[in-house]
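# Results of the structural survey
Read off the chains here:
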Amino acid sequence: VKLIFSVSFSVILCNKQKLVLAQYEHLGYPPGYPDPEQEHYTAPQLTADTPRIQLRLAGDKRKHNEGRVEVFYNSEWGTVCDDDFNIHAAQVVCRELGYVEAISWSPSSKYGKGQGPIWFDNLHCSGKERTLALCPSNGIGVSDCKHSEDVGVVCSDKRIPGFKFVNTLHNHNLDIQVEDVRIRAILSSYRKRIPVTEGYVEVKDGGKWKQICNTEWTEFNSRVICGMFGFPGERKYNARVYKMFARRRKPTFWDFSVNCTGNEAHLSSCKLGHATLLKSNGTCAGGLPVVVSCVPGRTFAATPMMGFRKAFKPEQPLVRLRGGAFVGEGRVEVLKNGEWGTICDDNWNLLSATVVCRELGFGTAKEALSGGRLGQGMGPVHMNEVKCSGFEKSITDCLFNKEALGCSHEEDAAVRCNIPAMGFQERLRLSGGRNPYEGRVEVLVERNGSLVWGTVCSEGWGTMEAMVVCRQLGLGFASNAFQETWYWPGEVSADAVVMSGVRCSGTEMSLSHCLHHGDHLNCPKGGGRNAAGVSCSDTAPDLVLNPQVVEQTTYMEDRPMFMLQCAYEENCLTSTSGQTPANSYRRLLRFSSQIHNNGQADFRPKASRNSWVWHECHRHYHSMEVFTLYDLFSLNGTKVAEGHKASFCLEDSECDEGVEKRYECANFGEQGITVSCWDTYRHDIDCQWVDITDVKPGDYIFQIVINPNYEVPETDYSNNIVKCRCRYDGHRVWMYSCHNGGSLSTESEQTFPGLLNNQVTHR
C-alpha cells in the first residue's frame, strides 16, 4: 500500500504544474497565466494512394469557426453524413482546417442543407488522422444519406501554431485558412497610435509573417480586414509613402491573392484568389504589399469630434445593445414607434449580426447569439426571420417577416462584435486570488519615468468600480467588490497605493477612464491588505420590475395608526407619523410589485446568512436593508413622499414553465431570485406603499428603483427603474403610462420631467 501511495504521490508532484493550469483550462487564461503548450504544426505526409481532399465550413453560421462540413473532391463540393460521426471525426476536420481542436459537432443539417454529393458516410475516426480521407468509412462517395443529415462542427478560436496552408487541388474556390492575420503599422506616425488603424495586411503562414500582393486587392477585401479588427469601415491612404517604403525594404509575399465579397465577417470565409506571380527579384507583378487604412467607430476614435455639438443635436440611434459584459456585445434592441423591443432569433446569423455591429461603430460580428443568451428583454419583439445582404446601413433596412408571431423573449437575439485592440488588459492585473477570476487589483502606472505596479485605494470602492476592472480584464461581470484583501497575498513589490479616489459610472472600458485623484494620492488607510479587490463572473442577474402590475394594482387605503406599529418601527411611514395619535389614520398609496430576474445568473443578497438581521415584529430576516425605493415627485422633480422596502424576503413566487423554484425564505431558508423566476410583493403586505397623508391632490410622477445602492452586480442597471404618471384627486389615486427606464425613445422619456432617464446615481 505504501509503495502504491508513494508512486502515485510522486506522479502527482511531477504533474503539479500541469494540474494547476488544467484546473483553470475551461476558464481561459488571463494575462499572467501561461497557456498550455501547443504542438507545432507539421504538414501531413500522405501516401500517393490517399484521396486528395480540401475542407471548408459553410452554411448558416453564427461564428466564423463553425459550419456545415463540406469536402472538395473530384472537382466538386459535397457534404458529410452524420451517421456514426463523433467528436473524434470533428477533431480531424478542425485540425485539417488549422484549428487547435473541435469544440462540438451537430447532426441533422443544423447549418442548412448542402448540395452536391455526400462524399463521406459512416466515418469511424480515431481523432489522430491527418486528413478526413484517412478515416475508415463506406468509401468516398458511397452513402445512403440525404442532405437533411449533413453534419456540422464548431472549432476552437485558436489556430495551430505554424499552420501552413497547402492547396493540393489548385482550386480557387477554397476558403482561406492561415495561422493568423494582422495589420502592421509601418509609418512611424501610426506605430505609436492605439488602436492600430493603418498598415500592411500580413498573414502568418507556416509560422512566418508574409505580405499580400496588391494586384488583385479590392476595397471589399479591405472592408473585411477592417471589420475583423473592430473597425466599421475603410478609407483611402497615401500610397506614395508606402511605395517609397517598399523600395527600401523588400517584402516577403504570400503565395496567393485574396477574393472577398465584402460581407464576410472574417478572412477565413473569403475565397482564395490566384497564385501570386513573383518576379525574379521577389516582387509581385504590382510590386507592392497591400495596405489598409481603417476608420474607428466613435467609441474608439483618438480625437472625438467636439465641434457643432450645440448646433446639431445627434439623432437617437435605432439600435442598441443591452445586457453584455463587454463593449460591443449584448442583446440587440431596436426602436420602433417610440418603444424599444427585441429581435427574434429565427434565422439569426453572422451576416445580420455584422450589420448590427457595423451600424453601432464596431467591426464585424464575432458571434451571433440566440436563445436569450445575454438575458431576456422586455416589451415587444419587433423583428423576426431577419435576412440581410450584409451591406445595409442599419438592421432596420434588412428584410424580415412582418407577419411572424409567437416569438417569446426566450428567443431574443444577441451579438458579440469585434472591437479594436486597445491594450487596456495589459495595464491591470489580479493578484493573489485562488483562481484567475479573483484577486487584489493591481494597476500599471508611470512613476518618475518608469512603469510600476501598485494597488488601488479601497476607500469608496464598490460594485461599479469592480465592474470596470472585470470588463477591462475580459473576465465578464463583477460578482463582488472587496475593500480589504488581507487574505490575498499580492505581489509585495506592488503593495504601494498608486491610485485613489476612484469613482466609475460602470460603463468605462478602463479603470484609468474613471474619475480618480491622479498624482495627488489620498488614502489614509493605505494599500497592501487594505487595497481594493474583485471577484468576477461570466454571468450576472438582471432584475426588471413589471410596470403593468404596478399600474393595474394601485389603490388608496386609510389605515389606523395602531395597525401600523411594525411599519413605524421599520421606517415605512413619513417622519410626521411620530406625532400621530394611535386612533388616527394614515393615507397609503398601495400597489403590488413583481420583480423578474431576466439575467443569466441567480440574484443573491450580498450579505451572507450569518449577517442577516432578525426582525421580531414582522418575524423574518432582512437579507437586504434597502432593496427598493418608492418615491412620489411633483412634475418639476421635487420629492413629495417616499417609501422603501426596508426588509425584503427574497424568494421565487413563480417561475416560467419548466423552471424550478430554488429560493424560499420561510424557516431561515435561502433567499434569492432564480433566473426566469419572479418575486411578487402583494399590495396588502406591510411597507408595500408610500405614505401620502401629507400630499395635496394633483398630478405626480411615481418612481420605483430596485437595488438602488448597487449592492448586487447586475448585467444592466438601466432597467432597474420604473416610472408612472400618477393622479390623486383627494378621494382616489391611479397610475398610467407606467414603463421601465430606457424602454421608450428619448422624446417619450422627456415627457417625465426632472427625473433621471436611465442609470440611477444613488451611491
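Quick caveat, the model's predicted, so the values are computed rather than measured. (Residues numbered from 1 in each chain as written. Predicted model: local features only at pLDDT ≥ 70, side-chain atom pairs only at ≥ 80, totals over all residues. Heavy atoms only, no water.)

### Here we look at the packing of aromatic side chains
All chains considered together, the criterion is met by 19 aromatic pairs. Arranged with centres 6.2 Å apart and planes meeting at 80°, the rings of F482 and Y487 form a pair that is edge-to-face. The class of F482 is partly exposed, set by a relative accessible area of 21%. According to the relative accessible area criterion, Y487 is partly exposed, its value standing at 33%. Measuring from ring centre to ring centre gives 5.2 Å for F482 and W488, while their planes differ by 85°; the resulting arrangement is edge-to-face. (Phe/Tyr/Trp six-rings, centres within 6.5 Å; stacked < 30°, edge-to-face > 60°. Buried < 20%, exposed > 50% of the residue type's maximum accessible area, 1.4 Å probe, protein only.)

### What to know about the pattern of salt bridges
Enumeration over the complete set of coordinates arrives at 30 salt bridges. As a salt-bridge pair, E442 and R440 come within 2.7 Å of each other at their nearest N and O atoms. Given a relative accessible area of 0%, E442 falls into the buried group. Take R440: its relative accessible area is 2%, and that puts it in the buried class. The salt bridge involving R587 is made with D558; its shortest N-O contact spans 2.9 Å. Linking R587 in strand β28 (residues 585-590) with D558 in strand β27 (residues 555-560), this pair joins segments that are 29 residues apart in sequence. Classification of D558 as partly exposed rests on a relative accessible area of 39%. What emerges from the salt-bridge pattern is a single network uniting R429, R440, E442 and D495. (Salt bridge = Lys/Arg side-chain N within 4 Å of Asp/Glu carboxyl O. Helix = DSSP H or I, 4+ residues; strand = E, 2+ residues; numbered from the N terminus.)

### A word on the state of the cysteines
The tally for this structure, following the rule as stated, stands at 15 disulfides. Each disulfide pairs two cysteine sulfurs, and for C260 the partner residue is C270, the sulfurs being separated by 2.1 Å. In this structure, the disulfide formed by C260 and C270 twists by about 110° around the S-S bond and is classed as right-handed. Of this pair, C260 sits in the loop between β11 (256-259) and β12 (271-275) while C270 sits in the loop between β11 and β12, placing them 10 residues apart in sequence. Two residues share a disulfide in this structure: C649 and C665, whose sulfurs sit 1.5 Å from each other. Of the two residues, C649 is situated in the loop between β33 (639-645) and β34 (654-655) and C665 in the loop between β34 and β35 (677-681); the sequence distance between them amounts to 16 residues. (Disulfide = S-S within 2.5 Å.)

### Some remarks on the environment of T261
On the secondary structure map, T261 appears in the loop between β11 and β12. Since its relative accessible area comes to 47%, T261 is described here as partly exposed. Sequence-wise, T261 and T218 are 43 residues apart; in three dimensions their C-alpha atoms are separated by 9.3 Å. In contact with T261, other than residues within four places in its own chain, are F220 and F391. Among the polar contacts listed, one links the side chain of T261 to the side chain of N263, at a separation of 2.8 Å. (Contact = heavy atoms within 4.5 Å. Polar contact = N/O pair within 3.5 Å; in protein donor to acceptor, adjacent residues only side chain to side chain.)

### Some details on the pairing of strand β15 (residues 329-336)
Counting buried residues along β15, 7 of its 8 residues qualify, which places the element largely inside the surrounding structure. When strand β14 (residues 319-323) meets β15, the two strands line up antiparallel, connected through 5 bridges. Paired with G323 across the two strands is G330, which belongs to β15. In this antiparallel pair of consecutive strands, β14 and β15, the connection spans 5 residues, and G328 shows a positive phi of 85°. Direction of pairing for β15 relative to strand β19 (residues 414-417): antiparallel, over a ladder of 3 bridges. (Pairing = 2+ DSSP bridges.)

### Side note on unusual backbone geometry
Here the amide bond leading from I194 into P195 is cis, since omega sits at 0°, within 30 degrees of zero. In the Ramachandran plot, S75 falls in the positive-phi region, its phi being about 65° despite a non-glycine side chain. Summarising the element assignment, S75 is placed in the loop between β2 (66-73) and β3 (76-80). In this structure S75 comes out as exposed when scored by relative accessible area, which is 67%. Although it is not a glycine, D84 sits at a positive phi angle of roughly 65°. Mapped onto the elements of the fold, D84 is located in the loop between β3 and α3 (87-96).

### Describing empty space enclosed by the protein
A full pass over the atoms with the stated rule returns 2 cavities of 30 Å³ or more. Taken as a whole, the largest cavity encloses approximately 150 Å³ of empty space. If you go around the largest cavity, you meet 16 residues; those closest to its centre are R320, E333, M378, N719 and S743. Those elements that place two or more of their residues in the lining of the largest cavity are β14 and β15. Among the residues making up the lining of the largest cavity, the classes are represented as 3 nonpolar, 8 polar and 5 charged. Residue-level mapping places the lining of the largest cavity at the junction of two domains, with at least three residues from each of domain 3 (319-418) and domain 5 (543-751). For the second largest cavity, the calculated volume is near 40 Å³. What lines the second largest cavity is simply L57, K61, H64, L97, Y99, D175, Q177 and S268. (1 Å grid on protein atoms, 1.4 Å probe; cavity = no way out; pocket = protein on both sides within 12 Å on 5 of 7 lines; lining within 4 Å. Points joined across faces, edges and corners; volume = space filled by probe spheres on them. Nonpolar A, V, L, I, M, F, W, Y, C, P; charged D, E, K, R; others polar. Domains from an automatic or database assignment.)

### Observations concerning helix α6 (residues 239-248)
Every buried residue of α6 is accounted for by Y242, F245 and A246. In a view along the axis of α6, the buried residues occupy a sector of 100°, so they form one face of it. Looking at α6, the residues exposed on the side facing more than 90 degrees away from the buried face are R240, R247 and R248. Against the buried residues of α6 lie β8 (198-205) and β13 (291-295). (Arc of directions from axis to C-beta.)

### With respect to the environment of N263
In this fold, N263 is placed in the loop between β11 and β12. Here N263 falls in the partly exposed class, since its relative accessible area comes to 22%. With 42 residues separating them along the chain, N263 and N221 place their C-alpha atoms 9.4 Å apart. Not counting the four nearest positions on each side in its chain, N263 is found in contact with L351, S389, G390 and F391.

### Quick word on the side chain of Q688
The residue Q688 is located in the loop between β35 and β36 (689-691) in this model. Here Q688 falls in the buried class, since its relative accessible area comes to 0%. A distance of 3.2 Å separates a polar atom in the side chain of Q688 from a polar atom in the side chain of S593.

### Quick notes on the sheet that holds β28
As summarised here, the arrangement of the 3 strands in space is β27-β28-β36, forming an open sheet in which the pairing is antiparallel. If you trace the sheet from one side to the other, it starts and ends with β27 and β36, each paired once. Put simply, the sheet's adjacent strands are angled 35° from each other on average, direction ignored. One ladder, built from 3 bridges, connects β28 with β36; its direction is antiparallel. Paired with R590 across the bridge in β36 is W689. (Axes fitted to C-alpha atoms, helices over the stretch in contact; angles between N-to-C directions.)

### Thoughts on the sheet that holds strand β29 (residues 593-597)
Adjacent strands of a sheet pair through backbone hydrogen bonds, lying either parallel or antiparallel. Strands sit in the order β26-β29-β35-β34 across an open sheet of 4 strands; the sheet is antiparallel. Every interior strand has two partners, whereas the edge strands, β26 (543-545) and β34, have only one. Here 2 bridges tie β34 to β35, and the two strands are oriented antiparallel to one another. Within β35, the position partnered with C655 by the bridge is C677.

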